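So the chains spell out like this:
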Amino acid sequence: MAMSANPDRPEESRYEEEERLACGRLLSDVWDAWDAGRTADDPHLTACPHCSAALAELTGLGDAVRRTCAEEPGVPEAAAAAVTARVMDLVRLELRPGRPLPLGEPEEDHWIVEAAAARLLRAAVDALPGVRAGSCRIAPLDPADPTGPVHVRVEVVASLDRSLPDLADAVRARIAEVTDQDIGIRLGAADVLVVDILDDDEEADDEDGDEYGRHGTGGAA
């Protein structure tokens, strides 16, 4: 796990592990703006050649993955889109280790970066029957208190062998267990968003390790 041992360091230095573009913007900030569809709202992103180049690389990577999946025989378009999303999630983990999150009590001097904690939570959610984890974001519940409890937001793909509220409760319970016992971060809130549904055939494929076991757009819980 990636940890640091100085919670009192200046806020700006918390992101020293992340790549900073020549214009001064963090690559993670550019990624987040693109991911949230906010690039048009920031004049800097559209005018800056460094940010524009970074955005072109990100969109080009997504296009390349989609083309590769589409060229595979027998792969449905929706399944190709799901694989693309999965690949881009993995790239995100490599590009942006994310903010440091406090381990243990506020007075303790241990930290873990968001990407490492998110990877553990995704694996834990994946272990639940009939559930596949997608994007996982972790941030302080109170932005003004970086040493306080965290807010987890995880997207999942799930089967319909139980109600969506029951499934969301199971995912939240798993997140609470792992954050407390395995990671050691204090959970303040957990949101579960169901973004896709697995049918019976796809669930069977997923159990066999088939990455194409997700498709379409489901509901929310």
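It should be emphasised that the depicted structure is a prediction, and the values quoted were computed from it without experimental measurement. (Residues numbered from 1 in each chain as written. Predicted model: local features only at pLDDT ≥ 70, side-chain atom pairs only at ≥ 80, totals over all residues. Heavy atoms only, no water.)

### A short note on the sheet that holds strand β5 (residues 187–198)
Argument step 1. The strand order β3-β4-β5 describes an open sheet built from 3 strands, whose pairing is mixed. Whereas interior strands pair on both sides, the edge strands pair on one side only; in this sheet they are β3 (131–140) and β5. Here the strands of the sheet are splayed against their neighbours by 15 degrees on average, with no regard to which way each runs.
Argument step 2. Pairing of strand β4 (residues 150–159) with β5, which is carried by 10 bridges, proceeds in the parallel orientation. Bridge assignment links Ala158 to a residue of β5, and that residue is Ile197.
Argument step 3. With respect to the sheet, helix α5 (residues 114–126) is in contact with β3 and β4, its orientation differing from that of β3 by roughly 150 degrees. (Pairing = 2+ DSSP bridges. Helix = DSSP H or I, 4+ residues; strand = E, 2+ residues; numbered from the N terminus. Axes fitted to C-alpha atoms, helices over the stretch in contact; angles between N-to-C directions. Contact = heavy atoms within 4.5 Å.)

### What to know about the confidence of the model for the protein chain
Argument step 1. Confidence along the protein chain averages 76 in pLDDT terms, with 70% of residues attaining 70 or more.
Argument step 2. Taken element by element, the protein chain is modelled with least confidence in helix α7 (residues 200–207), mean pLDDT 53, and with most confidence in helix α6 (residues 164–183), mean pLDDT 94.
Argument step 3. Below a pLDDT of 50 lies the segment residues 1–16, which in the model reaches 29 contacts outside its immediate sequence neighbourhood of four places, other chains included.
Argument step 4. Here residues 209–220 is modelled with pLDDT under 50, and outside its nearest four sequence neighbours on either side it reaches 40 contacts, counting other chains as well. (pLDDT = per-residue confidence, 0-100.)

### Quick word on the packing of helix α1 (residues 27–35) against helix α3 (residues 49–71)
Argument step 1. Where α1 contacts α3, the axes come no closer than 10 Å and their chain directions differ by 60 degrees. Here α1 lies oblique to α3, going by the angle between them. Note that α1 runs across α3; the crossing there is right-handed. Judged by residue contacts, Leu27, Val30, Trp31 and Trp34 of α1 engage Cys51, Ala54, Leu55, Leu58 and Thr59 from α3.
Argument step 2. Considered class by class, the residues forming the contact of α1 with α3 number 8 nonpolar, 1 polar and no charged. (Parallel < 35°, antiparallel > 145°, perpendicular 65-115°, else oblique. Left-handed = near helix turned anticlockwise from the far one by under 90°. Nonpolar A, V, L, I, M, F, W, Y, C, P; charged D, E, K, R; others polar.)

### Notes on the packing of α5 against α6
Argument step 1. Two elements in contact, α5 and α6, have axes separated by 10 Å at closest approach and are oriented at 130 degrees. As summarised for this structure, α5 and α6 are arranged oblique, according to the angle between their axes. As for how α5 packs across α6, the hand of that crossing is right-handed. Contact residues: α5 offers Ala117, Leu120, Leu121, Ala124 and Val125, while α6 offers Val171, Arg174, Ile175, Val178, Thr179 and Ile183.
Argument step 2. Among the residues making up the contact of α5 with α6, the classes are represented as 9 nonpolar, 1 polar and 1 charged.

### Brief notes about the pairing of β3
Argument step 1. Where burial is concerned, most of β3 is hidden: 8 out of the 10 residues are buried.
Argument step 2. As paired strands, β3 and β4 are joined by 8 bridges and run antiparallel to one another. Along β4, the bridge assignment pairs Ile138 with Val152. (Buried < 20%, exposed > 50% of the residue type's maximum accessible area, 1.4 Å probe, protein only.)

### Some words on the pattern of salt bridges
Argument step 1. Inspection of every chain in the model, using the stated rule, returns 5 salt bridges.
Argument step 2. In this structure, the salt-bridge partner of Arg174 is Glu177, at a minimum N-O distance of 3.0 Å. Pair noted here: Arg174 and Glu177 are both in helix α6, with a separation of 3 residues, about one helical turn.
Argument step 3. Look at Arg174 and you get partly exposed, because its relative accessible area is 23%.
Argument step 4. The partly exposed category is assigned to Glu177, whose relative accessible area is 36%. (Salt bridge = Lys/Arg side-chain N within 4 Å of Asp/Glu carboxyl O.)

### So, the pairing of β4
Argument step 1. Judged by how many residues are buried, β4 sits mostly within the fold: 7 of 10 residues are covered.
Argument step 2. Following the chain from β4 across α6 to the adjacent parallel β5, one finds a crossover that is right-handed. (Right-handed = clockwise from strand over helix to strand, strands pointing away.)

### Focus: the nonpolar core
Argument step 1. In this structure, Ile138, Val156 and Val171 are the most contacted members of the largest nonpolar core, which totals 30 residues.
Argument step 2. If you list the elements that add at least two residues to this core, you get β2 (111–113), α5, β3, β4, α6 and β5.
Argument step 3. Setting aside residues no more than four positions away along its own chain, Ile138 makes contact with Arg99, Leu101, Glu114, Ala117, Ala118, Leu121, Val150, His151 and Val152. (Core = buried A, V, L, I, M, F, W, Y, C linked by side-chain atoms within 4.5 Å.)

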